[in-house]
Amino acid sequence: MKFGFIGTGSMGSNLVQAFVQSYAMQPDHIIVSNRTRDKAERLALDCPGIHVADHNLETARKADCIFLCVKPGDFRHVLDEIQDVVRPDQYVISITSPVMIRDLEEHLEGKIAKVIPSICHAALSGNSLLIPGTRFSDEDTQWLYQLFSCISEPLYIDEAHTRAASDLASCGPAFLANILEQWTRAAVKVTGLPEETAVSLVEQMVIGTGKLLSENGFTLQSLQDRVAVPGGITREGLHLLNDAFTPCFTRLFQLTHMKFSEDLHKVQQSFQRAEKKL
Ligand SMILES: NC(=O)c1ccc[n+]([C@@H]2O[C@H](COP(=O)([O-])OP(=O)(O)OC[C@H]3O[C@@H](n4cnc5c(N)ncnc54)[C@H](OP(=O)(O)O)[C@@H]3O)[C@@H](O)[C@H]2O)c1
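In this text, all values refer to a predicted model and were calculated from it rather than measured experimentally.

Reading the values: the criteria
Residues numbered from 1 in each chain as written. Predicted model: local features only at pLDDT ≥ 70, side-chain atom pairs only at ≥ 80, totals over all residues. Heavy atoms only, no water. Pairing = 2+ DSSP bridges. Helix = DSSP H or I, 4+ residues; strand = E, 2+ residues; numbered from the N terminus. Contact = heavy atoms within 4.5 Å. Axes fitted to C-alpha atoms, helices over the stretch in contact; angles between N-to-C directions. Core = buried A, V, L, I, M, F, W, Y, C linked by side-chain atoms within 4.5 Å. Buried < 20%, exposed > 50% of the residue type's maximum accessible area, 1.4 Å probe, protein only. Domains from an automatic or database assignment. UniProt positions renumbered as here; feature names shortened; annotations may be inferred.

Some remarks on the sheet that holds strand β8 (residues 153–156)
- Pairing in this open sheet of 8 strands is mixed, and the strands run β3-β2-β1-β4-β5-β6-β7-β8 from one edge to the other. Only two strands of the sheet have a single neighbouring strand rather than two, namely β3 (51–52) and β8.
- Here 4 bridges tie strand β6 (residues 111–116) to strand β7 (residues 127–132), and the two strands are oriented antiparallel to one another. Within β7, the residue paired with Ile116 across the bridge is Leu129.
- Sheet strands touched by helix α1 (residues 10–21): β1 (3–6), β2 (30–33) and β4 (65–68). Its angle to β1, the strand with the most contacts, is close to 155°.
- Taken strand by strand, helix α7 (residues 162–169) contacts β6 and β7, and its axis lies near 160° from that of β7.

This is how it looks when you write it as C-alpha cells:
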C-alpha cells in the first residue's frame, strides 16, 4: 500500500517519522507534498527513501491512503486541487478537527476518516482519536485501528467530542508542559532553587509519574491518596490546587470550544464559497 501525506509541517512530519520508526510504513511507499517544497525535502533527508512529489495532485493520484495534514484555512484549496482525482477505493484521512467528515464526504469520493494525532506518537505513545466516516466498512475500520496501533493507543470517539478529546490528548502535552514550566519558574522565584535543579526535578518527576500510571497500576486518584497523607503538606497543596485549577480548566475548555466554533464557521464558509463557484 502507498501512503501520501499532503502537508509536512509539524504533525505531517511527526506522523511520517513515527510510522517509519515503527516499521508500519516503508519509506519507499511514502509520497509527500508540501506548499513550501523545502520542508518536504528536509523530511526526505530525515527519512531516506520517501518520495517528494511535485504537487498535491501527484500525491493524491499515487497514494492508496492520503493523509491531509494542513490547517483548517488551507483545506478548501487542497480539496479543490485533488477532488477530481480522488477515487472511491482510496482512503483519505484528515487530521484536522474543525473540518467535518460530512463536508469531506461531500467533496471527495474516497473513504474518509478523521484521526486526531498527538505529538506523543513521536515516542510511539499517546492516544490517537479515530472517527471513521460513513464509507468505512468494518474491515476498513479494523485496518485503520491496526495502522494507528503501530504508533499509539487508538481510541474511537464520537465526532461531537472531537474538541474536548483533542484538548486532552493532542493539546494536552503542550498544556502540561506549560503548567510544569510555570511551576519550575515559581520554584526559582519564590525559593531561590537553581533553575537547572528545578527543571531536572520536574522532568524526572513527570517521567516517574507517567511510569507509575502506565506500568505500576496507579490511577490519578490513587496516586494522590498515596502521597497525600492526612494532615501532611501535600494535602494542603492539593486543596489549593483544587480551588485554583477547577475554574481555570473550565475556562480552558470554554476557550478552546469558542476557537473551534470560529474555525468551523470559517471552514464551512469557505466550502460554501467553493460550491457557489461550481
Ligand atoms: N501539531 C499538533 O500537535 C497537531 C495535533 C493534532 C492535529 N493537528 C492538526 O494538524 C493540522 C496541521 O497542523 P500542524 O501543526 O502540522 O501545522 P503546520 O506545522 O503549520 O503544518 C501545516 C503544513 O501544511 C502545509 N500546507 C498548507 N497549504 C498547503 C497546500 N495547499 N498544499 C500542501 N501543503 C500545504 C504548510 O506548508 P508551508 O510550509 O508552506 O507553510 C505546512 O507545512 C492542523 O489542522 C492541526 O489542527 C496538529
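A short note on the nonpolar core
- Phe5, Leu15, Phe67 and Phe148 are the most contacted members of the largest nonpolar core, which has 32 residues in total.
- Secondary-structure elements contributing two or more residues to this core are β1, α1, β2, α2 (37–46), β4, β5 (91–94), β6 and α6 (138–149).
- Of all the elements, α1 adds the most residues to this core, at 6 residues.
- When residues no more than four places from it in sequence are discounted, the contact partners of Phe148 are Leu15, Phe19, Phe67, Val115, Ser128, Leu130 and Pro154.
- The next biggest cluster of nonpolar side chains, apart from the first, holds 28 residues, and it includes Ala53, Ala60, Val78 and Val86.

So, the side chain of Asp167
- Note on placement: Asp167 falls in helix α7.
- With residues near it in sequence (within four places) discarded, Asp167 still touches Gly172, Phe175, Phe253, Thr256 and His257.

Structural notes on the domain arrangement of the chain
- As far as domains go, the chain holds domain 1 (3–160) and domain 2 (172–262).
- For domain 1 and domain 2, the distance between their C-alpha centroids amounts to 33 Å.

Quick word on the UniProt feature "domain: Pyrroline-5-carboxylate reductase dimerisation" (unreviewed entry) in the chain
- Here the UniProt-annotated "domain: Pyrroline-5-carboxylate reductase dimerisation" (unreviewed entry) positions come out as residues 159–253.
- With 82% helix and 0% strand, residues 159–253 has its two end C-alpha atoms placed 16 Å apart.

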